[in-house]
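# Close look at the chain arrangement
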Amino acid sequence: MLPKILKDFNLFGDGNNWMGQIPELTLPELARRMVEYEGGGMEGPIEVDQGAALQEFEWTAGGIIVEIFDSYGSPIHDAALLRFTGSYESDETGEVTPVEVVVRGRHKTIAMGDVSKGDNNTISVTTTLSYYKLVVDGEVIIERDVPGKVFKVRGEDRYAQRRQALGI
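As annotated in an unreviewed UniProt entry, the chain carries the name Phage major tail tube protein and is attributed to Billgrantia gudaonensis.

### Here's the deal with the environment of I168
Position of I168 among the secondary structure elements: in the segment after α1 (160-166). Residues within four places of I168 in sequence aside, it is in contact with K149 and R163.

### Overview of the nonpolar core
Counting 24 residues, the largest nonpolar core has L11, W18, W59 and I68 as its most contacted members. For this core, the elements supplying multiple residues, two or more each, are β6 (56-62), β7 (80-89), β8 (96-111), β9 (122-136), β10 (139-145) and β11 (150-153). Top contributing element to this core by residue count: β9, with five residues. Not counting residues within four places of it along the chain, the set of residues in contact with I68 comprises W18, W59, A61, H107, I110 and V125.

### Things to note about unusual backbone geometry
Positive phi outside glycine occurs at D14, with the angle close to 50°. Inspection of the secondary structure assignment puts D14 in the loop between β1 (5-13) and β2 (16-17). Notably, K149 is not glycine yet its phi reads approximately 55°, a positive angle. Its location among the elements puts K149 in the loop between β10 and β11. Among the residues examined, K149 registers a relative accessible area of 26% and is labelled partly exposed.

Cut-off values and rules
Residues numbered from 1 in each chain as written. Predicted model: local features only at pLDDT ≥ 70, side-chain atom pairs only at ≥ 80, totals over all residues. Heavy atoms only, no water. Helix = DSSP H or I, 4+ residues; strand = E, 2+ residues; numbered from the N terminus. Contact = heavy atoms within 4.5 Å. Core = buried A, V, L, I, M, F, W, Y, C linked by side-chain atoms within 4.5 Å. Buried < 20%, exposed > 50% of the residue type's maximum accessible area, 1.4 Å probe, protein only.

Okay, structure coming up:
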């Protein structure tokens, strides 16, 4: 059984189609902040989940894309909207699985990089996230809205009871 391979992708930024302009990107890592806890009578420590770790999306633009700067320095936590679309394909069946990652946040760094005449000059961007959604073949797998205290995994709202307890 062969894995489904990413055969192509695109990145959209604030509604702009950047097809052919993004040579590489690093999709956001899903990580939890864990703290060690050991209470009296326990055989040893366990890790207690303290919520999600800060997510970052790192991506590289070929040449210059002026729209990247539009939301830079914005006081609004979700000023930048980025949407990754990927086409994963099976080399056994030819079946294509669409994958989409939608994020909102703000650009933390925009590294203009080294430039030289005739080279494929690039700009590297790191965007910190306040919203993240992973959709595979039309199904929402993960959705996080940090300020809204929303954390869903395959439709299960894991913070619903917490929000209810807080009266929000």
